[in-house]
Amino acid sequence: GEDVEQSLFLSVREGDSSVINCTYTDSSSTYLYWYKQEPGAGLQLLTYIFSNMDMKQDQRLTVLLNKKDKHLSLRIADTQTGDSAIYFCAESGRVSAGNMLTFGGGTRLMVKP
Amino acid sequence: DSGVTQTPKHLITATGQRVTLRCSPRSGDLSVYWYQQSLDQGLQFLIQYYNGEERAKGNILERFSAQQFPDLHSELNLSSLELGDSALYFCASSRGTGVQETQYFGPGTRLLVL
C-alpha cells in the first residue's frame, strides 16, 4: 500500500471543528508535517510534530500522533472559509530516505458558510 | 511568503523540447529540494542538493537533471519533454540536511507540455 494515506475529501460548516486524518507505514519516521495548499499556490507549512511527542497545539491547530497505530491527525478549531484548501500530511526521517518528505495524497477541505 | 522564489511561474512548451526551472532558496539555506506534483503521481521527491553537491535522489527520470550553483540557487533541467511531464514543480529549501530540518516551499512552476 501507499506509504502515507489520507482521505480525499472533508466538508464542514463554518465554525465547526475539522479533523483531517493521516496514516503512515514506516515506524522509523521521525518528523511528521502538515502542509496547506490553496488553489494555484505553493505549499505552506502549518505545523509539525516530532515522533516522540503525542500532541502539539498551535493556536487553532492541534496535532495528535498515535505512534503505535501510525496515525496522525490535524484538528482545526473554529474552521473558517479561508481554511478551505488541500491539506497534505508528510513524513521524513525514515532510515531509508534521509530527510526527503514523503507526502500523502492530500485531503481537500471544503468549508461551507 | 516562504522566502523561496521560483521562476518562471508558468511555462508552456511542446513535446520534445527542453526547459530550465530556477529556484532561489531562503537566505542562509544550503539545501535545495525539487518535488513534482502531478494528478496521477501526487507529490513526489525528485532530488536534493546541499551546498552544491547532490545529496539524495528520488523518482527522477534520466531525462531530468539538476544542479546547485555556488550562489546556492538551483536549476532543474527537463529534456525530451513528454505530455506526462506536465505538472507543478516545487522547490523547497532548508538550513541543512538533518532530519529535523523544516523544508519551506516556493510557489512552484506550472509546466504544460502540449
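> Summarise the pattern of salt bridges; cite the residues concerned and give the values.
Residue and element names in this part refer to chain B. Considering all chains together, one arrives at 6 salt bridges over all chains under this definition. Measuring nitrogen to oxygen at the nearest pair gives 2.8 Å for the salt bridge that ties R26 to D29. In terms of burial, R26 and D29 fall into one category: buried. For R63, the salt bridge identified is with E82, shortest N-O distance 3.7 Å. Of this pair, R63 sits in the loop between β6 (53-57) and β7 (64-68) while E82 sits in the loop between β8 (74-78) and β9 (87-94); the two residues are 19 residues apart in sequence, bridging distant segments of the chain. Several salt bridges share partner residues, and in doing so they unite R26, D29 and R95 into one network.

> Run through the nonpolar core, naming residues and quoting values.
Soluble, globular proteins show a tendency: their nonpolar side chains are buried together. In terms of nonpolar packing, the biggest core is built from 21 residues, with B:L21, B:W34, B:L76, B:L78, B:Y89 and B:L111 touching the most fellow members. If we ignore the near neighbours within four places in the chain, the residues touching B:Y89 are B:Q6, B:L21, B:Y35, B:Q36, B:L46, B:F64, B:L76, B:L78, B:G108, B:T109 and B:L111. Counting residues in hydrophobic clusters, the runner-up holds 20 residues, among them A:V12, A:L65, A:I76 and A:Y87.

> Explain the side chain of A:K36 residue by residue, including any values.
With respect to the element layout, A:K36 can be found in strand β4 (residues 31-37). Aside from chain neighbours lying at most four places away, what touches A:K36 is A:G42, A:L43, A:Q44, A:L46, A:G82, A:D83, A:A85, A:I86 and A:Y87.

> Give me the sheet that holds strand β1 (residues 4-6) of chain A: which residues, what numbers.
Residues and elements named next belong to chain A. Read across the open sheet, the 5 strands follow the order β1-β3-β8-β7-β6; overall the sheet is antiparallel. Pairing within the sheet leaves two strands with one partner each, and these edge strands are β1 and β6 (55-58). With strand direction ignored, the average angle separating the axes of adjacent strands in the sheet is 15°. When strand β7 (residues 61-66) meets strand β8 (residues 71-76), the two strands line up antiparallel, connected through 6 bridges. Counterpart to L64 in the pairing with β8 is S73.

> Could you give me a rundown of the interface of chain B and chain A, with the residues and numbers involved?
Across the contact, 20 residues belong to chain B and 18 residues belong to chain A. For the pair chain B and chain A, the summed buried surface comes to about 1500 Å²; carbon and sulfur atoms form 59% of the total. Considering only the surface of chain B that becomes buried against chain A, B:L43, B:V99 and B:F105 emerge as the three largest contributors, covering 37% of it. Joining chain B to chain A, the criterion identifies 0 salt bridges. The interface formed by chain B and chain A contains 3 residue pairs in polar contact (both at pLDDT 80 or more). Listing elements by their share of the side of chain B that touches chain A, those giving two or more residues are β4 (31-38), β5 (42-50), β9 and β10 (104-105) of chain B. Among the residues forming the side of chain B that touches chain A, the class breakdown is 10 nonpolar, 9 polar and 1 charged.

> Account for the packing of aromatic side chains, with residues named and values stated.
Counted by the stated rule, this structure contains 14 aromatic pairs over all chains. For the ring pair A:Y35 and B:F105, a centre distance of 5.2 Å and an interplane angle of 80° mean the geometry is edge-to-face. Residue A:Y35 is found in strand β4, and its partner B:F105 is found in strand β10; the two belong to separate chains. Relative to A:F103, the ring of A:F88 has its centre 6.2 Å away and its plane inclined at 90°; by these criteria the two rings are edge-to-face. A residue pair is termed long-range when its members are at least 10 positions apart, and A:F88 in strand β9 (residues 85-92) and A:F103 in strand β10 (residues 102-103) qualify at 15 residues.

What counts, and at which threshold
- Residues numbered from 1 in each chain as written.
- Chains lettered and ligands numbered in written order.
- Predicted model: local features only at pLDDT ≥ 70, side-chain atom pairs only at ≥ 80, totals over all residues.
- Heavy atoms only, no water.
- Salt bridge = Lys/Arg side-chain N within 4 Å of Asp/Glu carboxyl O.
- Buried < 20%, exposed > 50% of the residue type's maximum accessible area, 1.4 Å probe, protein only.
- Helix = DSSP H or I, 4+ residues; strand = E, 2+ residues; numbered from the N terminus.
- Core = buried A, V, L, I, M, F, W, Y, C linked by side-chain atoms within 4.5 Å.
- Contact = heavy atoms within 4.5 Å.
- Pairing = 2+ DSSP bridges.
- Axes fitted to C-alpha atoms, helices over the stretch in contact; angles between N-to-C directions.
- Buried area = accessible area lost by both parts, 1.4 Å probe.
- Polar contact = N/O pair within 3.5 Å; in protein donor to acceptor, adjacent residues only side chain to side chain.
- Nonpolar A, V, L, I, M, F, W, Y, C, P; charged D, E, K, R; others polar.
- Phe/Tyr/Trp six-rings, centres within 6.5 Å; stacked < 30°, edge-to-face > 60°.

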